[in-house]
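Take a look at the letters that make up each chain.
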Amino acid sequence: MSDTNTKTRTQRIVNSKQFRNGEFVNISPTSMKADDVSYAKLAIRAAKRPSDSRPSKPLPSIKTDLKNINDDNPVIIWFGHSSYLIRYRGKNILVDPVFSGHASPVSFMVKAFPGANTYGVDDMPVIDVLLITHDHYDHLDTHTIKSLKSKTKSIVTSLGVGAFLETLVPGVPITELDWWESFSLEDVHFTACPARHFSGRTLRRNRTLWSSFVIQYPGYSIYAGGDSGYDHFFKQIGQKYGPFDLAILECGQYNEMWPQIHMMPEETAKAAKDLNAKYLLPVHWGKFALSVHSWMEPVKRVKIAADELHLKITTPRFGEKIILNEIYPDKTWWLEA
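Now for a description of the structure that goes with this document. Everything numeric in this text was worked out from a predicted model, so none of it was measured.

### Observations regarding the packing of aromatic side chains
Now for step 1: All told, the structure shown has 21 aromatic pairs when counted by the stated rule.
Now for step 2: For the ring pair F318 and W333, a centre distance of 5.8 Å and an interplane angle of 65° mean the geometry is edge-to-face. Separated by 15 residues along the polypeptide, F318 in the loop between β15 (312–313) and β16 (321–323) and W333 in the segment after β16 bring together distant segments of the chain. In this structure, F318 and W333 share a single accessibility class: buried.

### A few points about the side chain of S221
Now for step 1: As for its placement among the helices and strands, S221 is situated in strand β12 (residues 220–224).
Now for step 2: Judged by its relative accessible area of 11%, S221 falls in the buried class.
Now for step 3: Once you skip the residues sitting within four places of it in the chain, S221 turns out to touch I215, Q216, Y241, P243, F244, D245 and L246.

### Topic: unusual backbone geometry
Now for step 1: Looking along the chain, the bond that leaves G242 and enters P243 is cis, with omega of 0°.
Now for step 2: Its location among the elements puts P243 in the loop between α5 (233–241) and β13 (246–250).
Now for step 3: Phi angles above zero are rare outside glycine, and N206 is one such case at about 65°.
Now for step 4: Mapping N206 onto the fold places it in the loop between β10 (188–193) and β11 (212–217).
Now for step 5: Residue class for N206 comes out buried when judged on its relative accessible area of 12%.
Now for step 6: Residue N325 is not a glycine yet carries a positive backbone phi of 70°.

### Section: a nonpolar patch on the surface
Now for step 1: The grouping of V106, F108 and M109 at the surface amounts to a nonpolar patch, some 290 Å² of accessible area in total.
Now for step 2: Within the fold, M109 resides in the loop between β5 (91–95) and β6 (129–132).

### As for the pattern of salt bridges
Now for step 1: For the structure on display, the rule yields 12 salt bridges.
Now for step 2: The partner of E181 in a salt bridge is R12, and the shortest N-O contact between them spans 2.5 Å. With a gap of 169 residues between them, E181 in the loop between β8 (174–177) and β9 (182–185) and R12 in helix α1 (residues 3–15) connect regions that are remote in the sequence.
Now for step 3: The class for E181 is partly exposed, based on a relative accessible area of 31%.
Now for step 4: Where D128 meets K153, a salt bridge forms, and the shortest distance between an N and an O atom there is 3.4 Å. You can see D128 sitting in the loop between β5 and β6 and its partner K153 sitting in the loop between α3 (142–147) and β7 (155–158), a full 25 residues away along the chain.
Now for step 5: Each of R9, E166 and E176 takes part in one network of salt bridges that share partners.

### Description of the sheet that holds strand β4 (residues 84–88)
Now for step 1: In spatial order, the strands read β8-β7-β6-β5-β4-β3-β16; together these seven strands make up an open sheet with mixed pairing. Strand pairing shows two members of the sheet lacking a second neighbour, β8 and β16, which therefore form its edges. Taken pair by pair, the neighbouring strands of this sheet meet at an average axis angle of 20°, ignoring direction.
Now for step 2: Where β5 and β6 come together, three bridges link them in parallel fashion.

### Things to note about the sheet that holds β15
Now for step 1: Spatial strand order, β9-β10-β11-β12-β13-β14-β15: seven strands in an open sheet with mixed pairing. Each of the sheet's edge strands pairs with one partner strand only, and the pair in question is β9 and β15.
Now for step 2: As judged from the four bridges shared by β13 and strand β14 (residues 279–283), these two strands associate in the parallel manner. Directly across from E250, in β14, lies its bridge partner V283.
Now for step 3: Along the sheet, α5 contacts β10, β11, β12 and β13; its crossing angle with β11, the most-contacted strand, is approximately 15°.

Analysis parameters
For every chain, the first residue of the written sequence is number 1, and numbering continues from 1 onward in sequence order. Given that the model is predicted, a residue must reach a pLDDT of at least 70 before its local features are reported, and side-chain atom pairs must reach 80 or more before they are shown or counted; all residues, however, enter totals for whole chains, interfaces and linings. Here the side-chain values reflect all heavy atoms present in the structure, with hydrogen atoms and water set aside. Each Phe, Tyr or Trp ring, with Trp reduced to its six-membered ring, pairs with another whose centre is within 6.5 Å; inter-plane angles below 30 degrees give stacked pairs, above 60 give edge-to-face pairs, and intermediate values give tilted ones. Only runs of H or I of at least four residues qualify as helices and only runs of E of at least two qualify as strands under DSSP, and these elements are numbered from the N terminus. The rule is simple: take the accessible area with a 1.4 Å probe, protein chains only, and divide by the maximum for that residue type; under 20% is buried, over 50% is exposed, in between is partly exposed. Any two residues having at least one pair of non-hydrogen atoms within 4.5 Å are treated as being in contact. Within this analysis, patches are made of residues with over 30% relative accessible area and no salt bridge. Like charges are joined at 9 Å or less; nonpolar side chains (Val, Leu, Ile, Met, Phe, Trp, Tyr) at 5 Å or less. Calculation of accessible area relied on Shrake-Rupley with a 1.4 Å probe; when residues are assessed, cover is drawn exclusively from the protein chains displayed. Salt bridge, as applied in this entry: a Lys or Arg side-chain nitrogen positioned within 4 Å of an Asp or Glu carboxyl oxygen. Each pair of strands is called paired provided DSSP finds at least two bridges between the two strands. Working convention: axes come from line fits to C-alpha atoms, limited for helices to the stretch in contact. Angles between N-to-C directions cover 0 to 180 degrees.

Limitation: the analysis is restricted to geometry and does not speak to function.
Given below as structure tokens:
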């Protein structure tokens with residue numbers, strides 16, 4: 001990247017309303033952990049994950065030819081955790097792909113569940129927009145990003161993340177967005193919106209922004225939530241951009257010891273209602289154990305919460321197609337896994 005572009009990025013960061021005292025901040029005061037929890041307690045609890053934090057046998061998946069999809073209506077295909085493909089009218093948007101088999105700096109840590117890594121870079125079609133919500137390892141996987149370079153036409157990401165992405169895929173156009181900023185690719189419109197989370201791939205945190213994204217097509221709107229704790233801005237986004245045909249929201253890796261940076265499943269359902277979503281697709285579960293709950297607890301809890309709120313929910317297997325206005329898989333496949 002040129003010195004001029006580096007200065008432009010730095011100036012945009014400094015001028016951002018989200019950047020204060022040398023770091024990005026959330027709208028509401030947000031702690032990395034509960035006030036009565038020490039980092040030592042966090043470490044001890046993380047080391048004592050229950051046996052059912054990982055499935056006992058390979059998880060089921062559907063093998064879909066991603067390069068030949070009928071896309072008269074938008075099609076969404078989830079690959080586990082927070083990775084999914086959105087295809088409509090010949091354009092492919094790939095969100096937070098992690099296909100290396102792990103979500104960590106080294107391959108022997110945070111390994112994918114058996115059966116949850118059946119899709120890889122070779123399966124992907126040409127990517128019109130690679131959308132990266134923030135820079136955490138379980139959303140920005142260096143091996144995957146590098147391997148996708150020849151297939152990727154452009155990248156959209158949160159403010160500041162582009163500096164790292166440029167080192168991985170030099171020459172690929174990158175658009176960085178601050179909250180409430182927008183970018184259009186022909187008839188697809190992207191808007192970065194608030195999330196309640198944090199960033200950082202080392203001990204230095206919050207030097208880059210984290211975001212959710214509104215994706216608008218003629219006649220359709222999809223909410224890509226990234227990672228977020230619950231906050232009042234979901235209603236604001238719903239009022240400004242809703243109703244949404246589909247809200248894709250995190251549901252997993254939560255714990256009462258870090259209640260503000262991830263949502264409990266009941267909060268996920270509440271956020272979808274706030275967004276005025278017709279359907280909820282819960283993600284951020286089913287592939288990695290980053291917390292200490294049972295691997296299937298997130299989806300079981302969010303389904304109960306959605307039913308109580310009269311909210312429609314779709315729960316596809318890995319690789320299974322959601323087709324807006326047509327097909328919303330809802331089998332409880334995890335109970336047989």
